[in-house]
Amino acid sequence: KPLVAVGQVTSTPDKELNFAVCAGLVREAAHRSACLVFLPEGFDYIGSNTAQTLSLAEGLDGDLMGRYAELAKEYGVWLSLGGFHERGQDWPTTQRIYNCHVLLDPAGNIVATYRKTHLCDVELEGRVTMKESSFTNPGTEIVAPISTPAGKLGLSICYDLRFPEISLALRHAGAEILTYPSAFTVPTGSAHWEVLLRARAIESQCYVVAAAQTGKNHEHRTSYGHALVVDPWGAVVAQCHEGTGLCYAEIDLDYLRRIRQEIPVHSHRRPDLYGSVAAMGLAPVP
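Residues numbered from 1 in each chain as written. Predicted model: local features only at pLDDT ≥ 70, side-chain atom pairs only at ≥ 80, totals over all residues. Heavy atoms only, no water.

- For the chain, an unreviewed UniProt entry supplies the name Deaminated glutathione amidase and the organism Haliaeetus albicilla.
- Recorded in UniProt under Sequence similarities (unreviewed entry), the annotation for the chain is "Belongs to the carbon-nitrogen hydrolase superfamily. NIT1/NIT2 family." (UniProt positions renumbered as here; feature names shortened; annotations may be inferred.)

Laid out in structure tokens, this is it:
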């Protein structure tokens, strides 16, 4: 069965340090024979303020993505880079970035890019205030699942987890693994992280893989951690402990197919009553 490795890191504004840590995790995962390595949202950096976040951003054709492409080639692994601060083609006019999930194949090619469609604007009085939309452009499309050695991979990012429609649309389009690379805060993570990930796995009957930020990213931010993998039955089959590290899980697609056969919720849906959840441009898969 294919083995995947799921990363947990504490990104800071120091891009060189962050790359060194992530490269070490990729190396470790490759030595364990993982075919696909997942890194979290903000794997490149987490800025301490908006101005710094914008100033450190790069394009997909920049130096940092080139270094990750070389890393994928060197170790012969797929890389799910779950939230790259991307200066898109509209940067000169908008001065805003995209939160971009990049998938690299073992040849270092960018085979998919998903730009976060749900931006995290939340305010928990006295605890957490975030307004991602103040400096980030929302993505405009859901990306069709990509075939990898571990299964058909559906791309999402962090706050997307709170919207089951995207997971159901990806499942409708053939996804077998859903990804939620994240940088959850401590208050929201301790309340909702695991239960939401397990819910997405159960309702879609997919594996769910969630790489995570953990610990103190800078003086103004602490992340929840608890990177994990959930199987299609809703069981947590791998989870990171405190600090930087990896957890590993085997992806058993025979098991996934058996669950879907035994409880065929996909064919029991009633689109005549409540419509069908499908993304524009994505063909349904039986």
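Back to the write-up after that little detour.
Focus: the overall build of the chain
- Counting its secondary structure elements, the chain contains 9 helices and 16 strands.
- Over its C-alpha atoms the chain spans a radius of gyration of 18 Å, differing by no more than 12% from the 19 Å that the globule rule assigns to 286 residues.
- For the chain, the C-alpha atoms occupy an extent of roughly 50 × 45 × 35 Å along the three principal directions.
- A burial count over the chain gives 56% of its 286 residues as buried.
- Within the chain, counting contacts between residues at least 6 apart in sequence, those at least 24 apart form 72% of the total.
- With the model as given, the accessible surface of the chain reaches about 12300 Å², and the carbon-plus-sulfur share is 53%. (Helix = DSSP H or I, 4+ residues; strand = E, 2+ residues; numbered from the N terminus. Rg over C-alpha atoms; globule rule 2.2 N^0.38 Å. Buried < 20%, exposed > 50% of the residue type's maximum accessible area, 1.4 Å probe, protein only. Contact = heavy atoms within 4.5 Å. Areas by Shrake-Rupley, 256 points an atom, 1.4 Å probe, with all protein chains shown as cover.)

Things to note about the side chain of Lys-116
- As for its placement among the helices and strands, Lys-116 is situated in the loop between β5 (110-115) and β6 (121-124).
- Engagement of the side chain of Lys-116 in a polar contact is seen with the side chain of Glu-132, the distance being 3.0 Å.
- Discounting residues that sit within four places of it in the chain, Lys-116 has contacts with Glu-41, Asn-99, Glu-132, Asn-137, Pro-138, Gly-139, Ile-157, Cys-158, Tyr-159 and Asp-160. (Polar contact = N/O pair within 3.5 Å; in protein donor to acceptor, adjacent residues only side chain to side chain.)

Notes on the sheet that holds strand β11 (residues 207-210)
- Sheet architecture is open: 6 strands sit in the order β8-β9-β10-β11-β14-β15, paired in mixed fashion. Both outer strands of the open sheet, β8 (146-148) and β15 (236-239), are each paired with one neighbouring strand and no more. If you compare each strand with its neighbour and ignore which way they point, the axes differ by 25 degrees on average.
- With 3 bridges joining them, β8 and strand β9 (residues 151-154) adopt antiparallel strand pairing. When the sheet's bridge partners are listed, Ser-147 is paired in β9 with Lys-152. (Pairing = 2+ DSSP bridges. Axes fitted to C-alpha atoms, helices over the stretch in contact; angles between N-to-C directions.)

Some points on the packing of helix α5 (residues 164-172) against helix α6 (residues 186-204)
- At a closest axis distance of 10 Å, the pairing of α5 and α6 adopts a crossing angle of 35 degrees. Crossing angle aside, the handedness with which α5 passes α6 is right-handed. Every residue of α6 that contacts α5 at Pro-164, Ser-167, Leu-168 and Arg-171 is listed here: Arg-200, Glu-203 and Ser-204.
- Looking at the contact of α5 with α6 residue by residue, the classes come out as 2 nonpolar, 2 polar and 3 charged. (Left-handed = near helix turned anticlockwise from the far one by under 90°. Nonpolar A, V, L, I, M, F, W, Y, C, P; charged D, E, K, R; others polar.)

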